[in-house]
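# Tertiary structure, described
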Amino acid sequence: MEQPNDLIIAMQNGDEKAFSRLYTMYSEAIYGIIYSIVLDENTAEELLQDVFIKVWNNASSYSVKKGRFFTWLLNIARNTAIDETRSKAFKNTRKNLSTTNFVDILSSSDSLNRATNAIGLKKFVDALKPACIKIIDLLYFKGFTQVEASKTLELPLGTVKTRNRTCINELRAMVLG
């Protein structure tokens, strides 16, 4: 079985089969992250394709020296999903949601649980303090800006920034153990 690093190098050299294998390895987790931000299956599926097109087109910009491939891929997915939620078209479709869809969105508000399960972080996130869980959910899984999180949590912006940094450091310490 090929190692992810071998597949990444092959993909960077234009190997479509290696790219296909990387897609198979990572697409489910990346879809989970995208869906947790946009909360729409069709949009999440389209954005998943966009993310992997960006990965293929920008493969040469990835370097193992800068970090893990999954982290690079996750950042592309997160930024793509957040950009989509800030687009006019996305906002207009949200304004036109029926009450049935709104109920569905509310019932699926466990986006943090779904997304963290998809990438294996749930056990770590669950071990954090409730304040950390809220901040991480808003900033990393729902795509809020720090200003939006500040307003939602009714906390000063500086407090949100400090808690975010502290919570991420706690999470990093747990994961890297």
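Scroll up to find the structure.
Presented here is a report on the structure given in the accompanying data block. (Residues numbered from 1 in each chain as written. Predicted model: local features only at pLDDT ≥ 70, side-chain atom pairs only at ≥ 80, totals over all residues. Heavy atoms only, no water.)

On to the state of the cysteines, then. Throughout the structure, instances matching the rule amount to one disulfide. Sulfur-sulfur distance for the disulfide between Cys 132 and Cys 167 comes to 2.0 Å. Across the disulfide from Cys 132 to Cys 167, rotation about the S-S bond amounts to roughly -75 degrees, and the bridge is consequently left-handed. Of this pair, Cys 132 sits in helix H9 (residues 130–141) while Cys 167 sits in helix H11 (residues 157–176), and the two are 35 residues apart along the sequence. (Disulfide = S-S within 2.5 Å. Helix = DSSP H or I, 4+ residues; strand = E, 2+ residues; numbered from the N terminus.)

With that settled, the discussion passes to the nonpolar core. One finds Ile 30, Ile 34, Val 51, Val 55 and Phe 69 to be the most contacted residues of the largest nonpolar core, which totals 40 residues. Of all the secondary structure elements, the ones that give two or more residues to this core are helix H1 (4–12), helix H2 (16–38), helix H3 (41–57), helix H4 (69–85), helix H8 (122–126), H9 and H11. Top contributing element to this core by residue count: H2, with eleven residues. Among residues more than four places away in sequence, those in contact with Val 51 are Ile 30, Ile 34, Leu 73, Ile 76, Ala 77 and Thr 80. The next biggest cluster of nonpolar side chains, apart from the first, holds five residues, and it includes Ile 135, Leu 138, Leu 139 and Val 160. (Core = buried A, V, L, I, M, F, W, Y, C linked by side-chain atoms within 4.5 Å. Buried < 20%, exposed > 50% of the residue type's maximum accessible area, 1.4 Å probe, protein only. Contact = heavy atoms within 4.5 Å.)

Now for the pattern of salt bridges. Here the idea is simple: oppositely charged side chains can pair when their charged atoms come close. For the coordinates displayed, the defined rule picks out one salt bridge. One salt bridge in this structure joins Lys 129 and Glu 170, with 3.4 Å as the shortest N-O distance. Here Lys 129 is found in the loop between H8 and H9, whereas its partner Glu 170 is found in helix H11, with 41 residues between them in sequence. (Salt bridge = Lys/Arg side-chain N within 4 Å of Asp/Glu carboxyl O.)

Attention now moves to a negative patch on the surface. Judged by side-chain charge, Glu 41, Glu 45, Glu 46 and Asp 50 come together as a negatively charged surface patch. Examined against the element boundaries, Asp 50 turns out to sit in helix H3. (Patch = residues over 30% accessible without salt bridge, like charges linked within 9 Å, V, L, I, M, F, W, Y side chains within 5 Å. Areas by Shrake-Rupley, 256 points an atom, 1.4 Å probe, with all protein chains shown as cover. Lys, Arg positive; Asp, Glu negative; His and termini not counted. Charge placed at Lys NZ, Arg CZ, Asp CG, Glu CD.)

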